[in-house]
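Inside the fold
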Amino acid sequence: MKVSLSGVLRAAAGGAEDIEIEATTIRDLMDRLLDRYPAMQEHVADGGIAVSIDGQIYRDTLSQPIPEGAEVFLLPRLAGG
C-alpha cells in the first residue's frame, strides 16, 4: 500500500513523501515502519503519530485493520488544547 507522510515523519523517512509498505493493521504498519525507518521511533514511542485510513483518524487503535486499497496518511499529532 502507499502511505503518505507529513511533517517530521517525512524527515524521519529520509525525506520521502510517500512510501510503499505492506501491512494489515495499524500495529503491523508501525512495526514495519520502525524496522525500515528507525528514526521514527521517537515519534511512535511518545504516541506522536496518528493514522488516517480513508479519511478516518485513528490514534490509539493499533488493532484497526487496514483495508486493501485504503488511502493511508501518517500525521504527527498536534499538542495543545
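Residues numbered from 1 in each chain as written. Predicted model: local features only at pLDDT ≥ 70, side-chain atom pairs only at ≥ 80, totals over all residues. Heavy atoms only, no water.

**Re the overall build of the protein**
Let me state the cut-off plainly: Counting from the N terminus, the helices are DSSP H or I runs at least four residues long and the strands are E runs at least two residues long. The reference for a compact globule is 2.2 Å times residues^0.38; the radius of gyration itself is calculated from the C-alpha atoms. The buried label goes to any residue with under 20% of its type's maximum accessible area, the exposed label to any with over 50%, and the partly exposed label to all in between, with areas taken from a 1.4 Å probe on protein chains only. Surface accessibility in these figures is a Shrake-Rupley result with a 1.4 Å probe; residues are shielded only by whichever protein chains are displayed. We treat Lys and Arg as the positive residues and Asp and Glu as the negative residues; His and chain ends play no part in the count. To locate a charge, take NZ of a lysine, CZ of an arginine, CG of an aspartate or CD of a glutamate.
Along the backbone of the protein there are 3 helices and 5 strands. Helices and strands appear in the protein in the N-to-C order β-α-β-α-α-β-β-β. Computed over its C-alpha atoms, the radius of gyration of the protein comes to 11 Å, within 12% of the 12 Å expected for a compact globule of 81 residues. In terms of overall dimensions, the protein has C-alpha extents of about 30 × 30 × 20 Å along its principal axes. Split into buried and exposed, the 81 residues of the protein put 37% on the buried side. For the protein, the exposed surface amounts to about 4800 Å²; the carbon and sulfur share of it is 48%. Of the charged side chains in the protein, 7 are positive and 13 negative; the average position of the first set lies 3 Å away from that of the second.

**A word on the sheet that holds strand β4 (residues 56-58)**
Sheet strands line up and pair through hydrogen bonds in the backbone, either parallel or antiparallel. Heads up, the rule is: Between any two strands, at least two bridges found by DSSP are needed for them to pair. Helix axes are fitted to C-alpha atoms over the stretch in contact, other axes to C-alpha atoms as well, and angles between N-to-C directions run from 0 to 180 degrees. Any pair of residues with heavy atoms lying within 4.5 Å of one another is described as a contacting pair.
In space, the 5 strands of this open sheet follow the order β2-β1-β5-β3-β4, with mixed pairing throughout. Only two strands of the sheet have a single neighbouring strand rather than two, namely β2 (18-20) and β4. Strand-to-strand, the axes of this sheet are offset by a mean angle of 25 degrees, without reference to chain direction. By the bridge criterion, 5 bridges tie strand β3 (residues 49-53) to strand β5 (residues 72-76) in an arrangement that is antiparallel. Bridged to A50 within β5 is L75. Running over the sheet, helix α2 (residues 26-36) touches β1 (2-5), β2, β3, β4 and β5 and is turned about 125 degrees from β3.

**A few points about unusual backbone geometry**
The phi dihedral of D54 falls on the positive side, at around 50 degrees, and the residue is not glycine. Mapped onto the fold, D54 is located in the loop between β3 and β4.

**Description of the pattern of salt bridges**
Applicable threshold: The salt bridge definition used is simple: a Lys or Arg side-chain nitrogen within 4 Å of an Asp or Glu carboxyl oxygen.
According to the stated counting rule, one finds 1 salt bridge in the structure shown. The partner of D28 in a salt bridge is R32, with the nearest N and O atoms 2.7 Å apart. With a gap of 4 residues between them, D28 and R32 both fall in helix α2, about one helical turn apart. Among the residues examined, D28 registers a relative accessible area of 18% and is labelled buried. Of the residues examined, R32 reaches a relative accessible area of 38% and is grouped as partly exposed.

**Some details on the side chain of D28**
Test applied: Think of a polar contact as two N or O atoms within 3.5 Å of one another; within protein, one of them needs to be a possible hydrogen donor and the other a possible acceptor, and neighboring residues in sequence only count if both atoms come from side chains.
Within the local environment of D28, its side chain forms a polar contact with the backbone nitrogen of T24, the two atoms lying 2.9 Å apart. Setting aside residues no more than four positions away along its own chain, D28 makes contact with E22 and A23.

**Some points on the pairing of β3**
Buried residues dominate β3, accounting for 5 of its 5 residues. The alternating pattern of β3 places I49, V51 and I53 on one face and A50 and S52 on the opposite face, and all of these are buried. Of the pairings in the sheet, the one linking β3 to β4 comprises 3 bridges and is antiparallel in character. Within the sheet, the bridge partner assigned to V51 lies in β4 and is Y58.

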